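Each chain is listed here by its residues.
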Amino acid sequence: MLRKLGDLAELVRAPAALTVPGDVLAGAVAAGNLRPGRLVGLAASSVCVYWAGMALNDWADREVDAVERPERPIPSGRVTPRTAFGLAAALTTAGLGLAAAAGGKVAFRTSALLAATAWSYDLGVKNTPAGPAFMAAARSLDVLVGAGQEWRRAWAPALAVGTHILGVTAMSRGEVHGSTPAPARAALTATSAITVGTVSGSSAATAVLAGLFLQSVGPTQVAAAREPSGAKLREAVGAGIHGLVPLQAAWIARGGAPRLGAALIAALPLARALARKVSPT
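In what follows, the accompanying structure is described. Within every chain, residues take consecutive numbers counted from 1 along the sequence as written. Only residues with pLDDT of 70 or above have their local features reported here, since the model is predicted, and side-chain atom pairs are shown and tallied only from 80 upward, although totals for entire chains, interfaces and linings are computed over all residues. Excluding hydrogens and water, the side-chain figures rest on all heavy atoms present in the structure.

**Considering the overall build of the protein chain**
We count a stretch as a helix when DSSP gives it H or I for four or more residues in a row; a strand needs E for two or more, and each element gets its number in order from the N terminus. Check the secondary structure of the protein chain and you find 12 helices and zero strands. Element order for the protein chain, N to C, with α for helix and β for strand: α-α-α-α-α-α-α-α-α-α-α-α. Radius of gyration: over C-alpha atoms. The globule rule applied is 2.2 Å multiplied by the number of residues raised to the 0.38 power. Here the C-alpha radius of gyration of the protein chain, 18 Å, is about what a compact globule of 281 residues would show, namely 19 Å. By principal-axis analysis of the C-alpha atoms, the protein chain measures approximately 50 × 45 × 35 Å. Taken over 281 residues, the protein chain has a buried fraction of 52%. Summing over all exposed atoms, the protein chain offers an accessible surface of approximately 12,200 Å²; the carbon and sulfur share of this is 65%. When charges are counted, Lys and Arg contribute as positive and Asp and Glu as negative, whereas His and the chain ends are disregarded. By convention, charge coordinates are those of NZ in Lys, CZ in Arg, CG in Asp, or CD in Glu. Averaging the positions of the 26 positive and the 15 negative side-chain charges in the protein chain gives two centres separated by 8 Å. Only protein chains enter the accessibility calculation, which uses a 1.4 Å probe; a residue is then buried when its area is under 20% of its type maximum, exposed when over 50%, and partly exposed in between. For every accessible area listed, the method is Shrake-Rupley and the probe measures 1.4 Å; residues are considered covered only by the protein chains on display.

The following block contains the structure:
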């Protein structure tokens, strides 16, 4: 039983979900709505949708993974395709139910759009030129889930998170066979612009957290730009996923909750430690 749960945890990249609640929190801080029950429910909703996307991703990629990544749960035979698809559907349903219960109609609609974007990405858009944009849109929508009716007040953190993920997703296309330096260079440019935009006109706490974001992702992007091998790009993508946490924390601090932002950083070492057991990519 425990082994089966471990296989499912690997399928959904369970530890990577530690990077998800910060999206909701950043949106909620920007909107000025920090009711604890609402935040917990919406964070749980987004985690469910994230896990659903990971399971669906591996279901859709099962034939490619059989050649390129045979150690993954589905091609290795540890999880059946039927189980993976069923889990994706169940987690999506749970996520939408939690969103409706915690945030009402507005949160449900935004979460439904988030889920539709994730499913579209996995089932058809992923390998098209629009793939990175769809993934970026999904993470931006995750921020807006937290903002609720005041979503217009959260456009800046949503844009920052989405832009970062745009670069990370573009790099991820070379994780197996490598790529040209262009995706890593573009991601590094985006990281620099995001850092400057986050720090501009902000507090010292925001600047420190934005600096941590830059330090977390910048060096691996530089290394991938110099040597765009599959290994270097996988390292940059992993760092980019974990780098969401200090980026979210910086925008939380910028929104007027520096202590909350600093507390979120506690998830970073845990996420990195768990990534040694279950890959986030």
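Picking up after the structure, the text goes on.
**Section: the nonpolar core**
To form a nonpolar core, buried Ala, Val, Leu, Ile, Met, Phe, Trp, Tyr and Cys residues must be joined to one another through side-chain atoms within 4.5 Å. Among the nonpolar cores identified, the biggest contains 45 residues, and L42, L114, A154, L209, L247 and I252 are the most heavily contacted of them. Secondary-structure elements contributing two or more residues to this core are α2 (21-31), α3 (36-60), α5 (81-125), α6 (131-147), α7 (155-172), α9 (204-226) and α10 (230-254). It is α10 that contributes the most residues to this core, eight residues altogether. Here L209 is in contact with P246, A249, A250, A253, G261, A262 and I265, once residues within four sequence places are set aside. V12, Y50, A84 and L91 belong to the second-largest nonpolar core, a separate cluster that totals 18 residues. Should any heavy atoms of two residues lie within 4.5 Å, those residues are considered in contact.

**A look at the pattern of salt bridges**
Pairing is possible between side chains that carry opposite charge, provided their charged atoms lie close to one another. Any Lys or Arg side-chain nitrogen located within 4 Å of an Asp or Glu carboxyl oxygen qualifies as a salt bridge. Under the definition given, this model contains eight salt bridges. Note that R13 and D58 form a salt bridge whose closest N and O atoms lie 2.9 Å from each other. Highlighted residues: R13 in the loop between α1 (2-11) and α2 and D58 in helix α3, separated in sequence by 45 residues. D58 carries the same exposure label as R13, and that label is buried. One salt bridge connects R72 with D58, and the closest N-O pair in it is separated by 3.5 Å. You can see R72 sitting in the loop between α4 (62-68) and α5 and its partner D58 sitting in helix α3, a full 14 residues away along the chain. Relative accessible area serves as the criterion here: at 10%, R72 is assigned to the buried category. Given the relative accessible area of 2%, D58 is considered buried. Through salt bridges with shared partners, one network takes in R13, D58, D65 and R72.

**Structural notes on α7**
Over its 18 residues, α7 runs 25 Å from end to end, which matches the ideal 26 Å to within 8%, given 1.5 Å per residue. Residues of α7 that are buried include every one of A156, P157, A158, A160, V161, G162, H164, I165, G167, V168, T169 and M171, and no others. Where α7 is buried, its residues contact α2, α5, α6, α8 (182-199), α9 and α10. Expected helix span is given by 1.5 Å per residue-to-residue step, counting one fewer step than there are residues.

**A word on the packing of α2 against α6**
All axes are obtained by fitting lines to C-alpha atoms, using only the stretch in contact for helices, and the reported angles, taken between N-to-C directions, cover 0 to 180 degrees. For the pair α2 and α6, interaxial distance at closest approach is 6 Å and the crossing angle is 50°. Here α6 runs oblique to α2, going by the angle between their axes. Classified by chirality, the crossing of α6 by α2 is right-handed. Along its contact with α2, which presents D23, V24, G27, A28 and A31, the element α6 presents R139, D142, V143, G146 and A147. We call Asp, Glu, Lys and Arg charged. Ala, Val, Leu, Ile, Met, Phe, Trp, Tyr, Cys and Pro are nonpolar, and the rest, Gly among them, are polar. Of the residues assigned to the contact of α2 with α6, the class counts are five nonpolar, two polar and three charged. An angle counts as roughly parallel when it lies under 35 degrees, as roughly antiparallel when it exceeds 145, as roughly perpendicular when it falls between 65 and 115, and as oblique in every other case. Should the near helix be turned anticlockwise from the far one by less than a right angle, the crossing is left-handed, and should it be turned clockwise, the crossing is right-handed.

**Some thoughts on the side chain of T206**
Its location among the elements puts T206 in helix α9. You can call T206 buried: its relative accessible area is 0%. Any N or O atom pair separated by 3.5 Å or less is treated as a polar contact, with the protein-specific requirement of one donor-capable and one acceptor-capable atom, and with residues adjacent in sequence counted only for side-chain atom pairs. Engagement of the side chain of T206 in a polar contact is seen with the side chain of S203, the distance being 3.1 Å. Residue contacts for T206: discarding those within four places in its chain leaves T198, A250, A253 and R254.

**Details of helix α12 (residues 267-275)**
Given 3.6 residues to a turn, an α-helix orients residues that are three or four positions apart in the same direction. For α12, every residue scored as buried is listed here: A267, L268, A271 and A275. Projection of α12 onto a plane perpendicular to its axis shows the buried side chains occupying an angular sector of 100°, all on one side. Residues of α12 that are buried in the fold lie against α9, α10 and α11 (258-264). The arc in question is formed by the directions pointing from the helix axis toward the C-beta atoms.

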